[in-house]
Amino acid sequence: MKLNTVYCILFLTCLPLGAPLSASMAFMGQLLAKYPQAFALYALLAPAFIAQIPYSIPYAVSAPPQHLRRFLRLRQAIQYGPWAWYLGCKAARFGRAHGGTAVLADLAFEAVIAGRVAAQTLGVPLLTMVHDDPVNRLRVKKTPAWFLGWYESQFARALSVSRQTAVICDAMGETYRQRYGARTVTLFPGVEPSACLPPRPLDLAEAPIVVGSVGSVTSPANWNMLVEAVAWLNRRHGDGKFRVLHLGAPPQNVSLSGDVEITGWLPEADFTQALGRIDIGFLTWDFSPEVAETARTSFPLKTSSYIQAQVPMLAFGSADSTVVRFVQEYACGMVCIVPEAEALAGQIEKLVFEENQYHSALQGVMALKDIFSRQQFFDRFERFVELAIEH
C-alpha cells in the first residue's frame, strides 16, 4: 500500500487519542489502524499522561497552556496567536524528525493556525479535514465578534492554502466551496459490511419497539421531546410499547423516565449486541438559531452505528439540517421538521404502523452498507492524499 511505503503524514490535532473517542479521533482511528506506518501524530492540547496509544506510530503531545487562567480573553488571544504559532513550529520539528512529507491538520481551535504554520515550516503540502465548523464552535461559546472575525480569516487562510480539505458530508463541502473557495472531498468512515447486523423486519407483536440513541446527546431539548413523544405513544398504544435505549454515558440536563434505558459506555462486543436491540436510530440537530450553522454543515458519525445495526432512522431537525437531508436523500427512514413532541410521535407512528413504511426504509438502510463501506472510505482517502501530494 503506497500510503504505508511512500508517505509520512504528520497528523496535527488538538485532542489526544483516548477513550471515549471524539468524532475526529474515531475517524482517524480507522486510518491509523489501516495505515500504521503512514502517520506521525502530534496532539496540541494533550496531557502527557495520555501518551500511551494503541498504535505503533510516532506520537508527541503538548500540554495546554496554564498561564493567565483568570484573564480569559487575554489568554485566548495568546493561545490562538503566538502560542499556536509556537505549537506549529514545534510540531514541524517533530514532523521533520520523522520524515514528514505532508501535514494533515484537523481544523479545530488552535490547529487552524498551527496546521498551516507546521506545513509552511516544513515546506510540505497542507491537507486539512473538518468535522465540526471551527468558527461556529467558538461562536456558540459567545466569543467576541472582533476575535471571531479574526479567527474566521485564519480559517479561510488555512483552507485557501490547503491542497485538499476532507469534509464529513456533502453539505459541508458545498458551504465551504461557496464561502471560501475550498477544494473539498467528502470522507465518511462508514462501516465494514461484513460487520453489519442482519436486517430484521419489525414485529409489532413484540414489545418494546426501541428507539436507539448513540453517543453524545447533541440537543437536550430534542432529547426531552423524544422522551415526551415515547410517553405519548405509550399512553396511546399501551404501557411499555415504546422505549428509548441510549448507548453511551448518561446525558446531562435531560429528562429521564421509566421509558428510558441508559447503558453507559460499552466494550465493542457489548455495544454491537446492544445495537441489535434497536428498531429505529435517532438522529437529531437542535432547532435553535445558535446552532443552525452546525446543523447545516456537520454530520454525526453515530449514523455509522445505525447503518451497522441495519435499522431505519428517524431524523429530527430543521428542513436544511444534514440529518434530515440524509434520511430523505437515501430514503432510509422518517423525518420530523416540527419541533414538537406530538409531531415527532406522529412520525414514529407512521414509520411503525403505516403499511410498507418500515420495510421501505429498511431497504434504503440495506443499500447504505455498500454506499458507505469502509473500503470506499479507504479508497477515497488514498485518492485524497495522492492527488494533493503529487499534483
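Everything that follows concerns the structure shown earlier in this document.
Residues numbered from 1 in each chain as written. Predicted model: local features only at pLDDT ≥ 70, side-chain atom pairs only at ≥ 80, totals over all residues. Heavy atoms only, no water.

Description of the environment of Thr 128
Applied cut-off: In this description a helix means any DSSP run of H or I spanning at least four residues, a strand means any run of E spanning at least two, and both kinds are numbered starting from the N terminus. Contacts are assigned to residue pairs with any non-hydrogen atoms lying within 4.5 Å of each other. Pairs of N or O atoms within 3.5 Å make up the polar contacts considered here, provided that, within protein, one atom can donate a hydrogen while the other can accept it, and that residues adjacent in sequence are counted only when both atoms are side-chain atoms.
Of note, Thr 128 is situated in strand 5 (residues 126-130). As for Thr 128 and Arg 200, which are separated by 72 residues in sequence, their C-alpha atoms are 39 Å apart. Aside from chain neighbours lying at most four places away, what touches Thr 128 is Leu 104, Ala 105, Leu 107, Leu 159, Ser 162, Gln 164, Thr 165, Ala 166 and Phe 384. Within polar-contact distance, the side chain of Thr 128 engages the side chain of Ser 162 at 2.9 Å.

Section: the side chain of Ser 321
Here is the rule we go by: For the exposure calls, accessible area comes from a 1.4 Å probe over protein chains only, and a residue counts as buried if that area is under 20% of its type's maximum, exposed if over 50%, partly exposed in between.
The residue Ser 321 is located in the loop between strand 12 (313-316) and helix 13 (322-330) in this model. For Ser 321, a relative accessible area of 0% puts it in the buried group. A polar contact is formed between the side chain of Ser 321 and the backbone oxygen of Ser 318, at a distance of 2.7 Å. Dropping the residues within four chain positions of it, Ser 321 is found in contact with Trp 285 and Ala 295.

Topic: the sheet that holds strand 1 (residues 9-13)
This is how the line gets drawn: Pairing between strands requires that DSSP locate at least two bridges from one strand to the other. Axis lines are fitted through C-alpha atoms, for helices just across the contact stretch, and the angle between N-to-C directions can take any value from 0 to 180 degrees.
Judged by pairing direction, the sheet is parallel, and its 7 strands sit side by side in the order 3-2-1-4-5-6-7 without closing on themselves. Edge positions in the open sheet fall to strand 3 (59-61) and strand 7 (184-186), since each of these has one partner strand only. Sheet twist, expressed as the mean angle between neighbouring strand axes with direction ignored, is 20 degrees. In terms of strand pairing, strand 1 meets strand 2 (residues 39-43) through 5 bridges, oriented parallel. Bridged to Leu 12 within strand 2 is Tyr 42. Here helix 8 (residues 170-180) sits on the sheet and contacts strand 5, strand 6 (164-167) and strand 7; the angle it forms with strand 7, its principal contact strand, is near 175 degrees.

Focus on the nonpolar core
Keep this limit in mind: Working definition of a nonpolar core: buried Ala, Val, Leu, Ile, Met, Phe, Trp, Tyr and Cys residues. They are joined through side-chain atoms within 4.5 Å.
Residues Leu 44, Phe 155, Tyr 176, Ile 280, Met 313, Leu 344 and Ile 348 are the most contacted members of the largest nonpolar core, which totals 106 residues. It is helix 5 (residues 111-122) that contributes the most residues to this core, 8 residues altogether. Once residues lying within four places of it in the same chain are set aside, the contact partners of Leu 44 are Leu 12, Thr 13, Cys 14, Ser 62, Ala 63, Leu 87, Glu 110, Ala 111 and Ala 114.

Brief notes about the sheet that holds strand 12
Taken in spatial order, the 6 strands of this open sheet run 10-9-8-11-12-13, and their pairing is parallel. The open sheet has two edge strands, strand 10 (260-262) and strand 13 (333-336), and neither has a second partner. The average angle at which neighbouring strand axes cross in this sheet is 25 degrees, direction not considered. As judged from the 4 bridges shared by strand 12 and strand 13, these two strands associate in the parallel manner. When the bridges of strand 13 are listed, Leu 314 appears paired with Met 334. In the packing of helix 14 (residues 341-353) onto the sheet, contacts are made with strand 8 (209-214), strand 9 (242-247), strand 11 (280-284), strand 12 and strand 13, and the angle to strand 13 comes to roughly 165 degrees.

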